[in-house]
Structure formats: structure tokens, C-alpha cells
Amino acid sequence: MKIYNNLDEIDFPFDTCVTIGNFDGVHKGHQTLINKTIQYSKENNLKSVVFTFSNHPVNYFKPGYVKNIISSKEKYELIERMGIDIYISIPFDASMTQISAEEYIDNILINKLHVKKMVIGHDFTFARKREGNPELLKKLAKEKGFSVEVVDPVIMDGRRISSTDIRKAIADGDVAEAEHLLGRYFAVEGTVIKGRQIGRTIGFPTANIQYDSSMAIPKIGIYATLAVIDGQVYCGATSIGTNPTVNGKNLSIETYILDFDEDIYGKNLRIEFVENMRDEIKFDSKEDLKEQLQKDTKYVRNNYISVLENLVDSPRDYNITIKNIRKHLKLKK
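Because the structure is predicted, anything quoted here is derived from the model rather than measured.

1. Digging into the sheet that holds strand S12 (residues 232-241)
In step 1: Here six strands make up a closed barrel; going around it, the order is S9-S10-S13-S12-S11-S14 and the pairing antiparallel. In this sheet, adjacent strand axes meet at a mean angle of 45 degrees when their direction is disregarded.
In step 2: As judged from the four bridges shared by strand S9 (residues 186-193) and strand S10 (residues 207-211), these two strands associate in the antiparallel manner. Along S10, the bridge assignment pairs Gly 190 with Tyr 211.
In step 3: Contacts between helix H8 (residues 175-182) and the sheet are confined to S9, strand S11 (221-229) and strand S14 (268-278), with S14 contributing the most and set at about 120 degrees to the helix.

Here it is as C-alpha cells:
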């Protein structure tokens with residue numbers, strides 16, 4: 001997949017099929033648009049293009065207002081795995097708020113991307129003051145020699161899949177619902193840093209991550225998770241909270257990784273959220289906390305560790321087993 005981060009770099013010598021959107025989350029609805037773009041391109045000898053933004057357009061007007069569901073890096077990796085030929089990710093800046101719909105079509109879609117087909121969602125808008133919409137795009141496309149396919153929303157359980165609903169599920173701690181809408185586990189990742197190391201004193205050393213504050217995170221609570229380190233998968237119990245039992249003040253994300261004892265300070269740790277097990281509790285003593293942690297890890301061991309143990313092909317290799325892990329865990333519910 002060829003990646004472009006600047007429109008000035010682009011003047012394609014070939015024709016394309018393009019889908020445009022923020023694709024925040026690359027959820028099942030986004031996947032439908034991208035798959036249609038790939039399919040049409042293959043059938044009509046075109047290059048498939050995803051045109052997106054490196055920042056959420058809403059955050060241009062209200063910085064920090066919308067939390068990201070996935071990082072920019074994960075977004076292009078997910079789209080690359082789907083099979084897109086060209087990935088364009090540019091900043092949403094003042095130029096995007098000033099360009100007219102017709103200039104957008106002429107200067108970007110036709111002159112630079114050489115578009116022959118566009119695949120867009122039903123609620124697609126573009127150009128200044130969002131004056132561009134599917135109806136206007138279809139009208140101008142007919143005049144300018146390309147076609148437009150408007151894709152209906154993907155409906156699950158009687159409602160359309162949206163990034164807004166996914167953010168709400170995450171904020172509510174409903175990580176199972178987030179997985180249902182995304183088609184994969186919601187994840188948070190970051191560099192492992194030293195914390196207060198209180199867990200070590202009660203036999204539960206945890207890995208704390210320095211997470212990106214621009215990312216969505218689940219509500220305070222204790223979660224059954226998958227921990228991914230150097231491409232290897234382990235089961236874990238993850239706490240999001242302030243550790244009130246030991247008078248903690250700052251929010252932290254820390255994971256007790258079962259059957260693991262390695263120094264991973266400075267490494268990247270990815271936490272995939274499988275199940276919300278319980279709320280955070282302030283215990284009367286460290287001993288009470290330890291007793292509860294023993295129950296939490298026993299639950300993870302009984303319900304999740306066996307899944308990894310039963311996978312015969314490289315049971316800790318992420319790329320090989322994650323689909324099987326998801327399938328087996330669904331069967332256990």
C-alpha cells in the first residue's frame with residue numbers, strides 16, 4: 001500500500017476508485033465502504049484509494065472534543081490489511097474549510113486522484129460549511145465524467161453502526177458491545193513505565209502503560225484482557241482507575257499478565273479489552289485487595305487461559321491466533 005500525507009505529492013498517472021471519510025475506528029460500516037472500493041477497483045482495472053484525515057475534523061474546530069477510537073498508525077495498518085492500493089491521510093486544516101464543493105471535486109478528485117468512481121456513506125459531507133453532500137456530488141459527477149455509489153448504513157440489532165455509539169460503549173465500559181460493532185477487540189496501547197510498584201508487595205506486579213490522552217479509554221473498572229507484547233498474546237486482568245485502596249490520585253491503566261515474568265519497561269504493550277469484570281472498589285486493607293485480585297485472576301484463568309492452551313498452532317503468536325481466540329471466547333459465552 002502506497003501512503004501519501006500531502007496532496008502536493010499527488011498526481012496519479014492512473015484512474016482510481018475512491019472512498020473518503022474519517023474512518024475513525026475502521027468499524028464494520030467503514031469496512032463495507034472500503035471493501036466495495038476494493039472490489040470495484042479490481043473489477044474495473046482501477047487503483048483503490050482511501051482518502052482520510054490524520055486528525056478528526058471536529059477537533060479542528062474544538063480541539064480535544066472527540067476522543068480517537070484508534071491511533072493513526074493502527075488505522076492505516078487495518079486498512080492496509082484489507083487490501084487498499086493507496087492510502088491518503090492529510091491534516092484537516094483551514095484549506096478544507098475554505099474550498100468549495102466544485103473546487104474540491106475539480107482540484108482534488110479529478111485533477112489529482114483521477115477519480116472514475118466514488119464510494120461514499122449516506123451521510124458523507126465535504127468542502128466549506130459542509131456544502132457538499134451525496135446529492136450534489138452525484139449531480140456534479142454526472143457532469144464531470146465519474147460515477148458515485150452511495151452506500152446505505154450497516155444495520156446491526158436494529159440500529160446503524162456509528163463511531164459515536166462505539167465511543168459511548170467504550171465510555172460505559174461495555175467493551176463487549178464495542179467489540180460487536182468494531183469487529184475486533186477495542187484496544188489501548190502505550191509504553192510500559194514504572195508505577196508505584198505497590199502490586200509487587202502483594203504478589204501482583206502490574207505493567208503500567210503511558211497511554212495517549214487523545215484516545216478513548218473504558219470507564220474505571222477491572223477488565224479481562226489480552227496483553228500483546230512483541231507479537232505474543234497473554235491473558236491479563238487490567239485495572240483502569242486510581243487505586244483508592246492505597247490512596248491513589250491519578251488515573252492509571254495497569255495490567256497483571258498471567259503466566260508472565262519478564263522485564264518489559266520501555267516496551268510497547270497493547271491491551272485488548274474482552275470483558276468488564278467488575279467496578280473498582282476501595283478495600284479496607286491490602287489483604288482484602290489481594291483476596292479480590294486472587295478472585296479476578298482465577299476468573300481469567302478459568303475462562304480465558306484455557307483458550308490459549310487449546311490452540312495448537314503457535315498459541316501466543318498474535319497474527320496467527322487472534323481470530324481463533326475471538327472465535328473460541330465467543331463460544332464460551
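2. Regarding the nonpolar core
In step 1: Counting 44 residues, the largest nonpolar core has Ile 34, Phe 186, Ile 257, Leu 269 and Phe 273 as the members making the most contacts within it.
In step 2: The greatest single-element share of this core, amounting to four residues, is contributed by H8.
In step 3: Those residues within four positions of Ile 34 in sequence are excluded, and the remaining contacts are Thr 19, Phe 23, Val 26, Val 50, Ile 79, Met 82 and Ile 84.

3. Quick look at the packing of helix H7 (residues 163-171) against H8
In step 1: Where H7 meets H8, the closest approach of the two axes is 7 Å, and the angle between their N-to-C directions is 155 degrees. One finds that H7 runs roughly antiparallel with respect to H8. Relative to H8, the crossing made by H7 is left-handed. Mapping the contact onto sequence places Asp 165, Ile 166, Ala 169 and Ile 170 in H7 and Val 175, Glu 177, Ala 178, Leu 181 and Leu 182 in H8.
In step 2: The residue inventory of the contact of H7 with H8, partitioned by class, reads seven nonpolar, no polar and two charged.

4. Here's the deal with the side chain of Thr 297
In step 1: Here Thr 297 shows up in helix H10 (residues 286-310).
In step 2: Residues within four places of Thr 297 in sequence aside, it is in contact with Phe 204, Tyr 256 and Leu 258.

5. Focus: H8
In step 1: By the criterion of burial, H8 is predominantly enclosed, with six of the eight residues buried.
In step 2: Those residues of H8 lying buried are Val 175, Glu 177, Ala 178, Glu 179, Leu 181 and Leu 182.

6. Things to note about the packing of aromatic side chains
In step 1: Counted by the stated rule, this structure contains 15 aromatic pairs.
In step 2: Among the aromatic residues, those joined into a cluster by ring pairs are Phe 51, Phe 53, Tyr 60, Phe 61 and Phe 92.
In step 3: The ring of Tyr 40 is capped by Lys 117, whose NZ or CZ atom sits 4.6 Å from the centre of that ring.

7. Concerning the pattern of salt bridges
Two side chains with opposite charge may pair up if their charged atoms get near one another.
In step 1: Considering all chains together, one arrives at 18 salt bridges under this definition.
In step 2: Across the salt bridge formed by Lys 73 and Glu 77, the nearest N and O atoms sit 2.7 Å from each other. Here Lys 73 and its partner Glu 77 are both found in helix H3 (residues 72-82), four residues apart, which amounts to about one turn of the helix.
In step 3: Classification of Lys 73 as partly exposed rests on a relative accessible area of 48%.
In step 4: Here Glu 77 falls in the partly exposed class, since its relative accessible area comes to 24%.

8. Remarks on the pairing of strand S6 (residues 147-151)
Note on strand geometry: in a regular strand, side chains alternate between the two faces of the sheet.
In step 1: Summarising the sheet, strand S5 (residues 115-121) and S6 pair through five bridges and their orientation is parallel. Among the inter-strand pairings, Val 119 is bridged to a residue of S6, identified as Glu 149.
In step 2: Tracing the backbone out of S5, into helix H6 (residues 134-144) and back to the parallel element S6 gives a crossover that is right-handed.

9. Considering H7
In step 1: Taken as a whole, H7 has its buried residues at Ser 163, Ile 166, Arg 167, Ala 169 and Ile 170. Down the axis, H7 shows its buried residues gathered within 160 degrees of arc, on one side only. Along H7, the residues that are exposed and aim more than 90 degrees away from the buried face are Thr 164 and Lys 168.
In step 2: Buried-residue contacts for H7 involve helix H1 (28-43), H8 and S9.

What counts, and at which threshold
Residues numbered from 1 in each chain as written. Predicted model: local features only at pLDDT ≥ 70, side-chain atom pairs only at ≥ 80, totals over all residues. Heavy atoms only, no water. Pairing = 2+ DSSP bridges. Helix = DSSP H or I, 4+ residues; strand = E, 2+ residues; numbered from the N terminus. Axes fitted to C-alpha atoms, helices over the stretch in contact; angles between N-to-C directions. Contact = heavy atoms within 4.5 Å. Core = buried A, V, L, I, M, F, W, Y, C linked by side-chain atoms within 4.5 Å. Buried < 20%, exposed > 50% of the residue type's maximum accessible area, 1.4 Å probe, protein only. Parallel < 35°, antiparallel > 145°, perpendicular 65-115°, else oblique. Left-handed = near helix turned anticlockwise from the far one by under 90°. Nonpolar A, V, L, I, M, F, W, Y, C, P; charged D, E, K, R; others polar. Phe/Tyr/Trp six-rings, centres within 6.5 Å; stacked < 30°, edge-to-face > 60°. Lys NZ or Arg CZ within 6 Å of the ring centre and 35° of its normal. Salt bridge = Lys/Arg side-chain N within 4 Å of Asp/Glu carboxyl O. Right-handed = clockwise from strand over helix to strand, strands pointing away. Arc of directions from axis to C-beta.

On their own, these measurements won't tell you what the molecule is for.
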